[in-house]
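# Commentary on secondary and tertiary structure
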Amino acid sequence: MPEHIDPVDEIPGMPPAVAGTHAGGGANQVRVRAYNERLLLSLVRRTAGLSKADIARLSGLSAQTASVIIRALEKDGLLMRGEPVRGRVGKPSVPMSLNPDGAYSFGLKIGRRSAELVLMDFVGTVRDSSIETYKYPTPDNIRQFVRNATSGLIARLTPSQRGRIAGLGIAVPFELWNWVDEMGAPEQDMAAWRDIDLAEVIGEIVSFPVFLQNDATAACGAELVFGQGANYADFAYFFIGSFIGGGVVLNQAVYAGRTGNAGAFGSMPVVDQAGKPSQLIDQASLFALEEMLHGAGIDPTRLWRDPESWREISLQLDQWIAQAARSLALAITSVCSVIDFETVIVDGGFPAFVREKIVNAIRREFNGLDLQGIAMPRVEPGAVGSGARAIGAASLPLFSRYLLDQNVLFKQVEP
């Protein structure tokens, strides 16, 4: 059965993921030791190459206590020693780092046009993946995809690696059944998502814990942990997929909002090319590019099948980028009029060259806007890329089991 995630067990800066039953627990000696282990692992994750003395100083633990915990984590295969650093007075300093093979996790992204399953190691490197495209997702085809994909990826692991799988995280759009008309899906098929407990359904397929998170929030968390997010205390994050969403990061933590829906940028009001009221989701989502391709008699499924095929639709792609950039510039201006962000990060489910074009086009659009009273933010491309949602999902089991961050003391949010 899926596990409950206690507040201290979340991915750094991300609102609580949805899971199953709560095991409870107090501050007994076992839990205190687990906390200190998580603390040391988290310090090493954020700053690779720390020595034992550095770890003890930063953690506030005594040198003896830190040394005992470090030896235990080495024995468990979670930490590894680097080459001694010589040239200083006293004993050589031995840098510590996370062992990439110390733990693995699966990340499942369920999108409106494709599903992706990745196998990620302890330092965030994707080791293997499987992808499936479809016209629209149904619980049955997702269930079958997960069954086949997990079996295939696990079969390529050694017995030792299989024993180090921490769990499976799911990144999925909340209220997946919405926008049926835009997706071209039968309403009855999409309505099947309304009452399904996805974590429980997937938990019946796999033998390890399952965690659930909104897809845009998962992508934002991936950027915060593995991308450019570490460079900025505050930023707004836009992820362009079939639709568009995002996240808000304040003081190096994802801000979830009252209902966990902060960063739902797709609903922001903008104007279309004719100056008529519209929503960002209608102007800057990939389904808008699909419509352009349909109008030109071009099969849009190439968008999900082959990244290189994006270069073959340069005319429609440039038109869509211009349209998306105009609306994104307006949306970013609105966001920054509420919170004085220093940076806005833009990423999406497309090749890197498309991301660069969109970011440059947004920067140019600012030149035509009245920004009086607003400090124009830096607009930067995301560093994680199209796999951000799956990578963010894969992070959930690792942080739940091994890591810790003081910015993540959130209350449990009910789905």
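Notes on the structure follow. (Residues numbered from 1 in each chain as written. Predicted model: local features only at pLDDT ≥ 70, side-chain atom pairs only at ≥ 80, totals over all residues. Heavy atoms only, no water.)

Moving on to the overall build of the chain. When its secondary structure is counted, the chain shows 15 helices and 14 strands. Pairs at least 24 apart in sequence give 67% of the contacts found in the chain among residues at least 6 apart. Surface summary for the chain: the accessible area is close to 18600 Å², and the carbon and sulfur share equals 49%. (Helix = DSSP H or I, 4+ residues; strand = E, 2+ residues; numbered from the N terminus. Contact = heavy atoms within 4.5 Å. Areas by Shrake-Rupley, 256 points an atom, 1.4 Å probe, with all protein chains shown as cover.)

A few words on the sheet that holds strand β7 (residues 210-214). Taken together, five strands build an open sheet; the order of strands is β5-β4-β3-β6-β7 and the sheet is mixed. The open sheet has two edge strands with one neighbour each: β5 (126-133) and β7. Between one strand axis and the next, the sheet turns by 15° as a mean value, whatever way the strands run. Lying on the sheet, helix α9 (residues 215-226) is in contact with β4 (114-121), β6 (165-172) and β7; it crosses β7 at an angle near 100°. (Pairing = 2+ DSSP bridges. Axes fitted to C-alpha atoms, helices over the stretch in contact; angles between N-to-C directions.)

Right, let's talk about the pattern of salt bridges for a bit. Under the counting rule described, the total for this entry stands at 12 salt bridges. Across the pair glutamate 290 and arginine 113 runs a salt bridge, and its minimum N-O distance is 3.0 Å. Taken together, the residues glutamate 290 in helix α11 (residues 286-295) and arginine 113 in the loop between β3 (104-110) and β4 connect sequence positions 177 residues apart. Notably, a salt bridge pairs arginine 378 with glutamate 380, separated by 3.1 Å at the nearest N-O pair. Assessed through its relative accessible area of 46%, arginine 378 is described here as partly exposed. Residues joined by salt bridges that share partners form a network here, namely Asp101, Asp121 and Arg127. (Salt bridge = Lys/Arg side-chain N within 4 Å of Asp/Glu carboxyl O. Buried < 20%, exposed > 50% of the residue type's maximum accessible area, 1.4 Å probe, protein only.)

With that out of the way, let us pick up the environment of alanine 63. By the element assignment, alanine 63 lies in helix α3 (residues 63-75). By relative accessible area, alanine 63 is classed as exposed at 58%. Here the alpha-carbon distance between alanine 63 and alanine 53, two residues 10 residues apart in the chain, equals 6.7 Å.

Turning to unusual backbone geometry, a few remarks are in order. One non-glycine residue, asparagine 251, adopts positive backbone phi at about 50°. Position of asparagine 251 among the secondary structure elements: in the loop between β9 (244-250) and β10 (253-254). Assessed through its relative accessible area of 58%, asparagine 251 is described here as exposed. For glutamine 252, which is not a glycine, the phi torsion comes out positive at approximately 65°. Mapped onto the elements of the fold, glutamine 252 is located in the loop between β9 and β10.

Attention shifts here to helix α2 (residues 52-59). Along α2, the residues classified as buried are Ile55, Ala56 and Ser59. Viewed end-on, α2 has its buried residues packed into an arc of 95°, placing them on one side of the element. Exposed residues lying more than 90 degrees from the buried face of α2 are Ala53 and Arg57. Looking one or two places after α2, you find glycine 60, whose phi comes out positive at around 80°. (Arc of directions from axis to C-beta.)

Judged by pairing direction, the sheet is mixed, and its five strands sit side by side in the order β10-β9-β8-β13-β14 without closing on themselves. Across the chains shown, the open sheet's two edge strands, defined by having one partner strand only, are β10 and β14 (378-381). Of the strand pairs in this sheet, β9 and β10 are connected by two bridges, and their pairing is antiparallel. Across the sheet, valine 249 pairs through a bridge with valine 254, a residue of β10. Each of β8 (235-240), β9, β13 (343-348) and β14 is contacted by helix α13 (residues 314-338), which is oriented at about 155° to β8, the strand it contacts most.

Structurally, the position occupied by arginine 38 is in helix α1 (residues 29-46). Note on arginine 38: relative accessible area 14%, which makes it buried. Separated by 2.9 Å, the side chain of arginine 38 and the backbone oxygen of serine 400 make a polar contact. (Polar contact = N/O pair within 3.5 Å; in protein donor to acceptor, adjacent residues only side chain to side chain.)

A few words on the environment of glutamine 188. The topology assignment puts glutamine 188 in helix α7 (residues 187-191). Spatially, the C-alpha atom of glutamine 188 lies 9.4 Å from that of tryptophan 177, the residues being 11 residues apart in sequence.

Take the environment of arginine 302 next. Within the fold, arginine 302 resides in helix α12 (residues 302-305). Separated by 12 residues in the primary sequence, arginine 302 and glutamate 290 have C-alpha atoms spaced 9.9 Å apart. Look past the residues within four positions of arginine 302 in its chain and what remains in contact with it is Ser309, Trp310, Glu312 and Ile313. In terms of polar contacts, arginine 302 uses its side chain to reach the side chain of glutamate 312, at 2.9 Å.

All right, on to the pairing of β3 then. In terms of burial, β3 is largely enclosed, as seven of its seven residues are buried. Burial along β3 is two-sided: the face carrying Tyr104, Phe106, Leu108 and Ile110 and the face carrying Ser105, Gly107 and Lys109 are both buried. The turn joining β3 and β4, which pair antiparallel and follow one another in sequence, is formed by three residues. Here β3 runs beside β6; their pairing, made up of five bridges, is parallel. Across the sheet, tyrosine 104 pairs through a bridge with isoleucine 165, a residue of β6.

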